[in-house]
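What follows is the residue order along each chain.
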Amino acid sequence: SWASTCSASCSAGGSRRPVLVVAAESGQPGLVRALVEAGARVDAEVERGAPPWGRTALTIAAGRGYAEVVRVLVDGGADLEARERDFEEGGRTPLM
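## Let's talk about the confidence of the model for the protein chain
Here the protein chain shows a mean pLDDT of 76. Residues at 70 or above account for 61%. Averaged over each element, pLDDT in the protein chain is lowest for helix α3 (residues 57–64) (89) and highest for helix α4 (residues 67–75) (96). The low-confidence segment residues 1–9 (pLDDT under 50) makes 20 contacts with residues lying over four places distant or belonging to another chain.

## A closer look at the nonpolar core
With 20 residues, the main nonpolar core has Leu20, Val32 and Leu73 as its most contacted residues. Sorting the residues of this core by element identifies α1 (19–25), α2 (29–37), α3 and α4 as the ones contributing at least two each. Among the elements that line this core, the one with the most residues is α1, at five residues. Excluding anything up to four places from it in sequence, Leu20 contacts Val32, Leu35, Val36, Arg41, Val42, Ala57 and Leu73.

## Quick word on the environment of Gly30
Note on placement: Gly30 falls in helix α2. For Gly30, a relative accessible area of 45% gives the class partly exposed. Separated by 39 residues in the primary sequence, Gly30 and Val69 place their C-alpha atoms 8.3 Å from one another.

## Things to note about the packing of α3 against α4
For the pair α3 and α4, the least separation of the axes is 8 Å and the interaxial angle reads 155 degrees. When the axis of α3 is compared with that of α4, the two are roughly antiparallel. The two elements α3 and α4 cross, and the hand of that crossing is left-handed. Residue-level contacts link Ala57, Leu58, Ala61 and Ala62 of α3 to Val69, Val70, Leu73 and Val74 of α4. By residue class, the composition of the contact of α3 with α4 is eight nonpolar, no polar and no charged.

Cut-off values and rules
- Residues numbered from 1 in each chain as written.
- Predicted model: local features only at pLDDT ≥ 70, side-chain atom pairs only at ≥ 80, totals over all residues.
- Heavy atoms only, no water.
- pLDDT = per-residue confidence, 0-100.
- Helix = DSSP H or I, 4+ residues; strand = E, 2+ residues; numbered from the N terminus.
- Contact = heavy atoms within 4.5 Å.
- Core = buried A, V, L, I, M, F, W, Y, C linked by side-chain atoms within 4.5 Å.
- Buried < 20%, exposed > 50% of the residue type's maximum accessible area, 1.4 Å probe, protein only.
- Axes fitted to C-alpha atoms, helices over the stretch in contact; angles between N-to-C directions.
- Parallel < 35°, antiparallel > 145°, perpendicular 65-115°, else oblique.
- Left-handed = near helix turned anticlockwise from the far one by under 90°.
- Nonpolar A, V, L, I, M, F, W, Y, C, P; charged D, E, K, R; others polar.

Structure follows, in structure tokens:
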């Protein structure tokens, strides 16, 4: 399936943001679960130049308070220790 080939270079609408990130931003756990089960990389980062660069689906979902999306991502193997790379807020982990 298309999701099984998703990596950091997959994007939604040419935005350089992984499809899984876009799904997590929308707060839709069912869609996130379907992407994870289809093989989307749970730790793919938003590419430099596309806001919020250096963040993963987990850091975004946690920051927005989407608890069910966070659960799906953690169950899917997302890295709880991954640090954000943007310079404005850099260094935070998803649970900070």
